[in-house]
Amino acid sequence: MTAMTESLLINRFGKRLGFADPNVITLDPATGTGTFPLAVIDRAVARAQQLRGAAGDVQAARSLAKNLFAFELLPGPYSVAHLRLGSRLAALSGDKVEAAQVILTDTLES
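Residues numbered from 1 in each chain as written. Predicted model: local features only at pLDDT ≥ 70, side-chain atom pairs only at ≥ 80, totals over all residues. Heavy atoms only, no water.

### Digging into the side chain of Asp-57
Line of reasoning, step 1. Along the chain, Asp-57 falls in helix H3 (residues 56-67).
Line of reasoning, step 2. Buried charge without a salt bridge: Asp-57, with Arg-62 as the nearest opposite-charge side chain at an N-O distance of 9.5 Å.
Line of reasoning, step 3. Ignoring sequence-local partners within four residues, the contact set of Asp-57 consists of Val-45, Gln-49 and Leu-92. (Helix = DSSP H or I, 4+ residues; strand = E, 2+ residues; numbered from the N terminus. Buried < 20%, exposed > 50% of the residue type's maximum accessible area, 1.4 Å probe, protein only. Lys, Arg positive; Asp, Glu negative; His and termini not counted. Salt bridge = Lys/Arg side-chain N within 4 Å of Asp/Glu carboxyl O. Contact = heavy atoms within 4.5 Å.)

### Some points on the nonpolar core
Line of reasoning, step 1. In this structure, Ile-41, Leu-64, Leu-85, Leu-89 and Val-102 are the most contacted members of the largest nonpolar core, which totals 23 residues.
Line of reasoning, step 2. Contributing elements (two or more residues each) for this core: helix H2 (35-52), H3, strand E2 (68-72) and helix H4 (75-93).
Line of reasoning, step 3. A per-element tally of this core places H2 first, with six residues. (Core = buried A, V, L, I, M, F, W, Y, C linked by side-chain atoms within 4.5 Å.)

### Regarding the pattern of salt bridges
Line of reasoning, step 1. Under the counting rule described, the total for this entry stands at two salt bridges.
Line of reasoning, step 2. Residue Arg-88 is joined to Asp-42 by a salt bridge in which the shortest nitrogen-to-oxygen separation is 2.5 Å. A residue pair is termed long-range when its members are at least 10 positions apart, and Arg-88 in helix H4 and Asp-42 in helix H2 qualify at 46 residues.
Line of reasoning, step 3. Residue class for Arg-88 comes out partly exposed when judged on its relative accessible area of 30%.
Line of reasoning, step 4. Since its relative accessible area comes to 41%, Asp-42 is described here as partly exposed.

### Quick word on the sheet that holds strand E3 (residues 101-104)
Line of reasoning, step 1. As summarised here, the arrangement of the three strands in space is E1-E2-E3, forming an open sheet in which the pairing is parallel. Looking at strand neighbours, the two that pair on one side only are strand E1 (26-28) and E3, the edges of this open sheet. Neighbouring strand axes in the sheet, compared pairwise and without regard to direction, differ in orientation by 15 degrees on average.
Line of reasoning, step 2. Relative to E3, E2 runs parallel, the two being bridged by four bridges. Its bridge partner being in E3, Phe-69 is matched across the sheet by Gln-101.
Line of reasoning, step 3. In this fold H3 packs onto E1, E2 and E3, with an angle of close to 45 degrees to the strand it touches most, E2. (Pairing = 2+ DSSP bridges. Axes fitted to C-alpha atoms, helices over the stretch in contact; angles between N-to-C directions.)

### Considering the packing of H2 against H3
Line of reasoning, step 1. Contact geometry for H2 and H3: axes closest at 7 Å, N-to-C directions at 140 degrees. By the angle class used here, H2 and H3 are oblique. Crossing handedness for the pair H2 and H3: right-handed. Where H2 abuts H3, its residues Val-40, Ile-41, Ala-44, Val-45, Ala-48, Gln-49 and Arg-52 lie against Gly-56, Asp-57, Gln-59, Ala-60 and Leu-64.
Line of reasoning, step 2. When grouped by side-chain class, the residues that make up the contact of H2 with H3 number seven nonpolar, three polar and two charged. (Parallel < 35°, antiparallel > 145°, perpendicular 65-115°, else oblique. Left-handed = near helix turned anticlockwise from the far one by under 90°. Nonpolar A, V, L, I, M, F, W, Y, C, P; charged D, E, K, R; others polar.)

### Concerning the packing of helix H1 (residues 2-11) against H2
Line of reasoning, step 1. Relative to each other, H1 and H2 sit at 45 degrees, their axes nearing to 10 Å. Taken together, the axis directions place H1 and H2 in an arrangement best described as oblique. Both H1 and H2 take part in a crossing whose hand is right-handed. Contacts from Thr-2, Ala-3, Glu-6 and Ile-10 in H1 reach Phe-36, Ala-39, Val-40, Arg-43 and Arg-47 in H2.
Line of reasoning, step 2. Grouping the constituent residues of the contact of H1 with H2 by class yields five nonpolar, one polar and three charged.

Here it is in structure tokens:
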């Protein structure tokens, strides 16, 4: 799913960096433990490194810290997702980035 979405972002919408583009906002409405957002991070980092070299992962992590959102209803998976995403972004950026945008909410509630 992430490969197909990244392909559309690059080829159809002209977002050269795919998920790492500063104008691309990614939302996972039922993230669970964060598997989909982690795949987005991995693809974004790989694309940024391919285009920008060694500094690409830091740039991608900083962009994703602002533009990657994950919603979860259950407190347990929410906590795991928050930890996994925050840890991955911090490791990639080489320093402390803003907290991962994982939000405890019910996306089906009006």
